[in-house]
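Spelled out, the chains give:
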There are 2 protein chains.
Amino acid sequence: MSDAGASEERRGRRPGEGNARADIESAARDSFARDGYAMTSIRGVARAAGVDPALVRHYFQTKENLFAAVIRLPFDPAIAVHRITSAGRDRVGRELATVVSEILADPARSQQVVAMVRAAATEPQGARLIRGALTTAMIVPIVEILQSDHAEKRAALASAQIIGFLMGRLILGFESLVALDAEAVVAALAPSLQQSLTGPLLERA
Amino acid sequence: MSDAGASEERRGRRPGEGNARADIESAARDSFARDGYAMTSIRGVARAAGVDPALVRHYFQTKENLFAAVIRLPFDPAIAVHRITSAGRDRVGRELATVVSEILADPARSQQVVAMVRAAATEPQGARLIRGALTTAMIVPIVEILQSDHAEKRAALASAQIIGFLMGRLILGFESLVALDAEAVVAALAPSLQQSLTGPLLERA
C-alpha cells in the first residue's frame with residue numbers, strides 16, 4: 001500500500017538480505033498482477049525472484065501475507081487525503097475526478113487498478129484487503145470533510161463510482177470512456193461524484 | 001446471455017442429446033462462476049456434467065466458445081430495454097436504479113454479477129463479450145432515449161456507475177452499501193445516475 005514510486009527507491013539501496021526481500025516482493029507483485037491470486041504460488045514467486053521457497057516462507061509465511069504485503073493502491077493515500085480534505089465540500093467531486101484522471105495517465109498505476117480488481121474479484125481475501133485500504137485512504141477522509149448524516153453512504157457510493165469508471169475504461173473498455181482525454185475524464189466524472197457526495201438523495205418511497 | 005429463468009425451462013424438456021448439452025452448459029456456468037475462467041477446463045466441465053470431453057468439444061469446440069454460450073446478463077435485456085425506453089428522460093435514473101435493486105434482491109442474479117466481473121477481470125475474452133452484451137442491453141437503449149450530443153458517453157458513464165455499485169456491494173462489501181435495503185438502493189443510486197444521464201457536465205477547463 002505504498003505509492004507507485006516505492007519500488008524504484010527500493011532497488012539497489014538495501015544491503016544483503018534486504019535485496020532478496022525486495023526481489024520477492026517485486027516478483028510477487030508481477031505474478032499477482034499478471035496471473036491473478038489463485039494462479040500465484042510461493043514456489044513460483046521464489047523461482048521468479050531467484051531464491052529458495054523457504055526464504056519466501058521465512059519472510060511472509062503464507063501467500064495471503066505475501067499478497068497483503070505487496071498490494072498497493074494506485075494513488076498515494078497521503079496526497080489523496082490532503083487533496084480531498086483541502087478541496088472543501090463544493091470541489092470534492094472535482095478533486096476525486098482529478099485523482100482518477102491522473103491514474104489513467106500513468107500506465108503503471110492503471111495496471112495496479114486492473115490487478116486490484118482482479119484480486120478482489122477472484123479472492124475474498126483480496127476483496128477484504130482492498131476494502132480496508134480504500135476505506136482508510138478514500139472513504140474515511142471523505143466522511144470527515146462531508147460531516148453530514150449520510151456521509152459514510154455517500155463516500156461508499158462515490159468510491160464505487162470511481163471503481164466502476166476505472167473498470168469500464170480499463171477492463172471492459174467501453175469505447176466512449178476510452179476516448180476521453182484527461183480533462184474530459186474530469187468533466188465527465190466530477191458532476192456525478194459531486195452529486196453522490198453533496199447532492200440531494202431521493203426520499204424513500 | 002439469456003434471462004435468469006432460462007435454465008429452468010431447459011431442464012427436462014429437451015429429449016436425448018439436448019439434455020447432455022444443457023448439463024454441459026449448467027456445469028460450465030457453475031465452474032466459470034466458482035473457479036473463474038482460467039481455472040475452468042473442458043475436461044473438468046465434462047467430468048462435472050458426466051459426459052465425455054469429446055462431446056463438450058463437439059458442441060463448443062473451445063473453452064472460449066463455451067464461455068460465450070453460457071455467459072448471462074443478470075437481468076432480462078428485453079425487460080430492461082422496455083423499462084428504460086418507456087421511463088422517459090426524467091425517470092431513467094430511477095428505472096435503472098430499480099433494475100439494480102432487483103438484481104440485489106435475487107441471490108442467483110447477484111452471483112451472476114460476481115461471475116461477470118470475475119470473467120471480465122481475468123480474461124480479455126470475457127471483458128470483450130461482457131462489453132458487447134452490456135452495450136446491446138443497456139447502452140444502446142439509453143442512447144436512444146437520451147437523443148443528446150453526449151448520449152454514448154453518458155450511457156457508458158451510467159453503466160460504469162452501475163457496475164461500480166454492484167462491485168462495491170457484492171465484491172468489495174462496503175458496509176454502508178451492504179446495509180441498504182431495496183428502496184434505499186434506489187434512493188441512493190438514482191440521483192447520480194440521473195445526473196450522469198441528463199445533468200450538466202462540466203465545461204472543459
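Below is a short write-up of the structure. (Residues numbered from 1 in each chain as written. Chains lettered and ligands numbered in written order. Predicted model: local features only at pLDDT ≥ 70, side-chain atom pairs only at ≥ 80, totals over all residues. Heavy atoms only, no water.)

**Examining the overall build of chain A**
Part 1 of the argument: The number of helices and strands found in chain A is 12 helices and zero strands.
Part 2 of the argument: Mapped in sequence order, the helices and strands of chain A form the string α-α-α-α-α-α-α-α-α-α-α-α.
Part 3 of the argument: Expressed as a percentage of its 205 residues, the buried residues of chain A come to 57%.
Part 4 of the argument: The long-range share in chain A, meaning contacts at least 24 apart out of those at least 6 apart in sequence, stands at 68%.
Part 5 of the argument: A total of about 9,000 Å² of accessible surface is found on chain A, and carbon and sulfur atoms cover 50% of it. (Helix = DSSP H or I, 4+ residues; strand = E, 2+ residues; numbered from the N terminus. Buried < 20%, exposed > 50% of the residue type's maximum accessible area, 1.4 Å probe, protein only. Contact = heavy atoms within 4.5 Å. Areas by Shrake-Rupley, 256 points an atom, 1.4 Å probe, with all protein chains shown as cover.)

**Considerations on helix α3 (residues 42-49) of chain A**
Residue and element names in this part refer to chain A.
Part 1 of the argument: When we look at burial in α3, the residues that qualify are Ile42, Val45, Ala46 and Ala49. Taken around the axis of α3, the buried residues stretch over an arc of 100°, which confines them to a single face. Every exposed residue of α3 that faces more than 90 degrees away from the buried side is listed here: Arg43, Arg47 and Ala48.
Part 2 of the argument: With its phi angle positive at about 70°, Gly50 sits one or two positions after the end of α3. (Arc of directions from axis to C-beta.)

**Considering the interface of chain A and chain B**
Part 1 of the argument: Listed as interface residues are 47 residues of chain A and, on the opposing side, 47 residues of chain B.
Part 2 of the argument: Across the chain A to chain B interface the summed buried area is about 4,200 Å²; carbon plus sulfur atoms make up 71%.
Part 3 of the argument: Taken together, chain A and chain B are joined by zero salt bridges.
Part 4 of the argument: Within the residue set of the side of chain A that touches chain B, elements represented by two or more residues are α8 (107-122), α9 (124-146), α10 (151-170), α11 (175-178) and α12 (182-198) of chain A.
Part 5 of the argument: No other element matches the 11 residues that α10 of chain A contributes to the side of chain A that touches chain B.
Part 6 of the argument: Taken together, the residues that form the side of chain A that touches chain B break down as 29 nonpolar, 10 polar and eight charged. (Buried area = accessible area lost by both parts, 1.4 Å probe. Salt bridge = Lys/Arg side-chain N within 4 Å of Asp/Glu carboxyl O. Nonpolar A, V, L, I, M, F, W, Y, C, P; charged D, E, K, R; others polar.)

**Brief notes about the relation of the copies chain A and chain B**
Part 1 of the argument: Screw-axis analysis of chain A against chain B gives a translation of 0.0 Å along the axis, an RMSD of 0.1 Å, and a rotation angle of 180°. In short, the pair behaves as if placed about a two-fold rotation axis. When C-alpha distances to the rotation axis are compared across chain A, the minimum falls at Gly164 of chain A, with a value of 1.8 Å.
Part 2 of the argument: Residue by residue, 100% of the interface of chain A is reproduced at the interface of chain B, so both copies engage with the same surface. (Least-squares fit on C-alpha atoms with pLDDT ≥ 70 in both.)

**Structural notes on the pattern of salt bridges**
Part 1 of the argument: Per the counting criterion, the structure on display carries eight salt bridges over all chains.
Part 2 of the argument: Between Glu102 of chain A and Arg83 of chain A there is a salt bridge, with its nearest N and O atoms 2.9 Å apart. Of this pair, Glu102 of chain A sits in helix α7 (residues 92-104) while Arg83 of chain A is found in helix α6 (residues 77-87), placing the two residues 19 residues apart along the sequence.
Part 3 of the argument: A residue is classified by how much of its surface remains accessible, and Arg83 of chain A, at 21% relative accessible area, is partly exposed.
Part 4 of the argument: Within this structure, Arg83, Glu95 and Glu102 of chain B form a network of salt bridges that share partners.

**Things to note about helix α12 (residues 182-198) of chain B**
All names here are of chain B.
Part 1 of the argument: Between its terminal C-alpha atoms α12 stretches 24 Å, which fits the 24 Å expected from 17 residues at 1.5 Å a residue.
Part 2 of the argument: Of all the bends in α12, the largest measures some 30° and sits at Leu189, one to four residues before the proline Pro191.
Part 3 of the argument: When you tally the buried positions in α12, you get 14 out of 17 residues, the bulk of the element.
Part 4 of the argument: One side-chain oxygen at the N-terminal end of α12 lies 3.3 Å from the backbone nitrogen of Glu183; it belongs to Asp181. (Expected span 1.5 Å × (residues − 1). Bend = angle between axes of the 7 residues up to and from the residue. Polar contact = N/O pair within 3.5 Å; in protein donor to acceptor, adjacent residues only side chain to side chain.)

**Here we look at the packing of aromatic side chains**
All names here are of chain A.
Part 1 of the argument: Overall, the coordinates contain four aromatic pairs over all chains when judged by the stated rule.
Part 2 of the argument: With a centroid separation of 6.2 Å and 65° between ring planes, the pair formed by Tyr59 and Phe60 is classed as edge-to-face. Judged on exposure class, the residue Tyr59 and its partner Phe60 are both buried. (Phe/Tyr/Trp six-rings, centres within 6.5 Å; stacked < 30°, edge-to-face > 60°.)

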